[in-house]
Amino acid sequence: MAITLAPAALERVKGYLADTPAAIGLRFGVKRTGCSGWGYVVDLARDQREDDTISEQDGVRIYVDADSQALVDGTEIDFLKQGLNEQFVFRNPNVAAECGCGESFTTDAEAA
């Protein structure tokens, strides 16, 4: 599987990349945080790391580090606007549960 961008997220990321010539793509992964264990990390990639897995969609490269890959594999990233609020949202098939505030998640592998 790979990481994919919904049309709204793809356009938003393309805009960020156009505004940041030094960026080579999108960096996506997780870090330990919150009450459920994992939180998403999204930034512009400025370099390719040795352990990166790379997905590409319509000219946008998505870089995922080896430690994050199993936790985010198959995720679709979308970008939603609701009133004055705008945010990236993640449809991750690996998520077993999320904390009440929605800032972190856990997987079935961790629950076992």
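Look up: the structure comes first, before these words.
Residues numbered from 1 in each chain as written. Predicted model: local features only at pLDDT ≥ 70, side-chain atom pairs only at ≥ 80, totals over all residues. Heavy atoms only, no water.

Draft legend 1. How the structure looks around the overall build of the protein. In terms of regular secondary structure, the protein is built from 3 helices and 9 strands. Taken from the N to the C terminus, the helices and strands of the protein come in the order β-α-β-β-β-β-α-β-β-β-β-α. In terms of C-alpha radius of gyration, the protein reaches 14 Å, essentially the compact-globule figure of 13 Å for 112 residues. By its C-alpha atoms, the protein is 40 × 40 × 20 Å across when sized along the principal axes. (Helix = DSSP H or I, 4+ residues; strand = E, 2+ residues; numbered from the N terminus. Rg over C-alpha atoms; globule rule 2.2 N^0.38 Å.)

Draft legend 2. Summary view of the nonpolar core. If you look at the biggest cluster of nonpolar residues, it comprises 20 residues, and the most contacted ones within it are Ile-3, Leu-5, Phe-28 and Ile-77. Counting only elements with at least two residues in this core, the list comes to helix H1 (7-19), strand E2 (25-33), strand E3 (37-45), strand E5 (60-64), helix H2 (66-72) and strand E6 (76-82). If one sorts the elements of this core by residue count, H1 sits on top with 4 residues. Leaving out residues up to four positions away in the same chain, Leu-5 has contacts with Leu-10, Leu-26, Gln-57, Val-60, Ile-62 and Ile-77. (Core = buried A, V, L, I, M, F, W, Y, C linked by side-chain atoms within 4.5 Å. Buried < 20%, exposed > 50% of the residue type's maximum accessible area, 1.4 Å probe, protein only. Contact = heavy atoms within 4.5 Å.)

Draft legend 3. The arrangement of the pairing of E2 in detail. Alignment of E2 against E3, held across 9 bridges, turns out to be antiparallel. By the bridge assignment for E3, Phe-28 is matched with Val-42. Note that E2 and E5 share 2 bridges and pair parallel. Counted as the bridge partner of Arg-27 is Tyr-63 from E5. (Pairing = 2+ DSSP bridges.)

Read these as spatial facts, not as claims about activity.
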